[in-house]
Amino acid sequence: MSAPTRAELTPDADGVLYTYGGDEWIVVQLAEAMSLSVNLRAQAITRRIGELRIPGVTEICPANAAYMVRIDPDVVHPRAMTERLREIATEVGDAEDFVLRTRITDVPVLFRDEWTHSALMRFRDRHQTPELTDLEFAAQLNGYADVDSFIDAIVGAPFIVSMTGFVPCVPWGYQLVPPRRQIEVPKYVRPRTFTPERALGWGGGFTAIYPVDGAGGYQLFGICPGPIVDATQTLPDFRENYTYYRPGDLIRYRPIDRSEYDAIRATVGDRSFRHHSAELEFVPRDWFAEPDATVRRLCEVLDAA
Amino acid sequence: MPLEIRRPGLMTTVQDAGRSGGYHLGMPPSGAMDLFSYEVANLLVGNTDGQAALECTYLGPEIEFTEPVRIAVTGADLPARVNGTEIESWTAHDVAAGDVLSFDFLRSGARAYLGISGGIDVPSVFGSRSTYTLVGAGGFEGRALRAGDELKVGVTGPDRRAAARSVPAALRTTHPAQVELRVVVGLASYRVVPASLAAFFSTDWRVTSDANRVGYRYRGGGIDFVARTPPAGAGSDPANVVDIGYPVGSIQVPGGSEPIALLRDAVTGGGYATIATIISADIARAGQSRSNDVTRFVEVSLDEALTARREAADRLNRVRSALGFD
């Protein structure tokens, strides 16, 4: 077998890496580091690919600082597709004028709940600082005086769903705050073998909500009463699809107490649960100019809905 | 009900060629791990429209038929019997109401496919009848079969019965305990020290017991990552990147110690650096390997991957011709 060339493994002049995942996938890493602008570029490019309905494209997957497409190589050659993707990237440019038509959803969270607390206590031996809870560790690491002010920061500005997946349908959340206020938390040293369903976690620069019980490495902060998936599709918000969140959604975490948590769980039980959400346009240019004022306006739309 | 499950086997699921269009939400394709064997099982029983078959893992089921159907077993070497008499695999057989299909112990491979004329009739979920057990979607009630389950078969369409009843030996798959899986290097392979990436291809990787439809975990060596200051959002572990999509077939190395190759129920994305991807022509071979089998990963170029893809398609076409389909 000939020695394959690895010429296709070098980023282009803009630092973008086009690379092949076997013969069916093209993975495009727009940047190594996360930022809101790179994620918006991934969302703009993938939305454009979707609009173009290119023959042979079977999956279009935006990611945090990247995107990938699956193709049928019998219909379109991977190299021809890569050239097409480069053209689309040029056409989209830096996505400065991109307007994200999306929705904002209220996500109630019971912080410091008994379920994630019991899970994190079980796996202290896999944690950086076994003597602290995950919230205490993350608050301290990010320079917050106490857990309460750390939680205030989490619920103080909404997040953009920068990517969905892993399993159906984990929403990755990237907070709409300037880089200097971004919270960053390492993952567990070794992943847990158990995480309760609907746990809210934080790993690297992202929140995630675990849809089902399972392994996981994100720091555990709380639990959400609202379901992430409904395979039975008997809840009103899941009639069309058994998942709810989509890339580009905005979410706002809201702290709740145990009685509100139980009340929402009861609506899941009697199948009347609905998300509280509102349609809106997110204009990144406004956010880059005035992040706090823009975020306030987004939240007002949700509160008024 | 035409099929009564007397014993379920270890993990018997309804599968077809899988679904697409939901990967960005976290919905993997699912479908038969060994698509070639699945397609051939369908052809043998006259199904030419993507009907669903049963994927039988390691230990086969025991099934009583309550209506006459045509069946065929392909894939892993899992010897089948009808009413106690061994039947030839890769061959169509007609069974009558009251006949019982059972299996001996597995001889090689991991997954056998039971094709049934008309196909297993379960509702199509997002364009496929395939079972995705993690969220309980598709297939028969979203789960592996259990004793007592009763399955319907679809109505057989126009007569598309194969002229020949058996696949020529040269076109059947064999399953050696030492497999080579061809991969295209790419993705975040820049994160790996070059000498370590070279060593990856000369290592005998052993399939661990953590090997299922989501992915296979291997043991036998390690991977060294290039030291760096972590980029924003990635987290501090050198095996981590800013969370990104995982192609089906992609290989990641959490902690640098045990590579995981994702297969048809893949997790669709995450924060581990992926280094290479098993080519489409070899996904079936990965899914037919089993715990303790030795695997070598062999680097190929994109062009070689595309050639292998054409060869795999040609092989299925030769089966079609041999069975008398034009």
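Asker: So what's going on with the overall build of chain B? Which residues, and what values?
Answerer: Looking only at helices and strands, one finds four helices and 20 strands in chain B. Taking 326 residues into account, the globule formula puts the C-alpha radius of gyration at 20 Å, and chain B, at 20 Å, falls close to it. Across its three principal directions, the C-alpha atoms of chain B cover 65 × 40 × 35 Å. Counting the 326 residues in chain B, one finds 55% classified as buried. Sequence-distant contacts in chain B: of pairs separated by 6 or more residues, those separated by 24 or more amount to 77%.

Asker: Summarise the interface of chain B and chain A; cite the residues concerned and give the values.
Answerer: Across the boundary between the two partners, chain B contributes 50 residues, which contact 53 residues of chain A. Of all elements in the fold, only strand 12 (178-185), strand 15 (240-245), strand 18 (269-272), strand 19 (274-278), strand 20 (294-299) and helix 4 (302-322) of chain B reach the threshold of two or more residues within the side of chain B that touches chain A. For the side of chain B that touches chain A, the element with the highest residue contribution is strand 15 of chain B, accounting for five residues. Partitioning the side of chain B that touches chain A into residue classes produces 24 nonpolar, 22 polar and four charged.

Asker: With reference to specific residues and values, describe the sheet that holds strand 6 (residues 80-82) of chain B.
Answerer: Residue and element names in this part refer to chain B. Spatially, six strands are ordered 7-6-9-4-1-11 in an open sheet, and the strand pairing comes out antiparallel. Looking at strand neighbours, the two that pair on one side only are strand 7 (85-87) and strand 11 (150-151), the edges of this open sheet. In this sheet, strand 11 lies alongside strand 1 (residues 3-7) in antiparallel orientation, the contact comprising two bridges. When the bridges of strand 11 are listed, Glu4 appears paired with Glu150.

Asker: How would you explain the domain arrangement of chain A if you had to name every residue and give the values?
Answerer: Residue and element names in this part refer to chain A. Domain boundaries assigned for chain A yield domain 1 (7-93) and domain 2 (101-304). Taking the mean C-alpha position of each, domain 1 and domain 2 sit 28 Å from one another. Taken residue by residue, the interface counts eight residues in domain 1 and ten residues in domain 2. When residues of the side of domain 1 that touches domain 2 are assigned to their parent elements, the largest contribution, four residues, is made by helix 1 (residues 36-52). Here the side of domain 1 that touches domain 2 is composed, by residue class, of five nonpolar, three polar and no charged.

The rules behind these values
Residues numbered from 1 in each chain as written. Chains lettered and ligands numbered in written order. Predicted model: local features only at pLDDT ≥ 70, side-chain atom pairs only at ≥ 80, totals over all residues. Helix = DSSP H or I, 4+ residues; strand = E, 2+ residues; numbered from the N terminus. Rg over C-alpha atoms; globule rule 2.2 N^0.38 Å. Buried ≥ 20, exposed ≤ 12 C-beta atoms within 10 Å, placed from the backbone. Contact = placed C-beta atoms within 7 Å. Nonpolar A, V, L, I, M, F, W, Y, C, P; charged D, E, K, R; others polar. Pairing = 2+ DSSP bridges. Domains from an automatic or database assignment.

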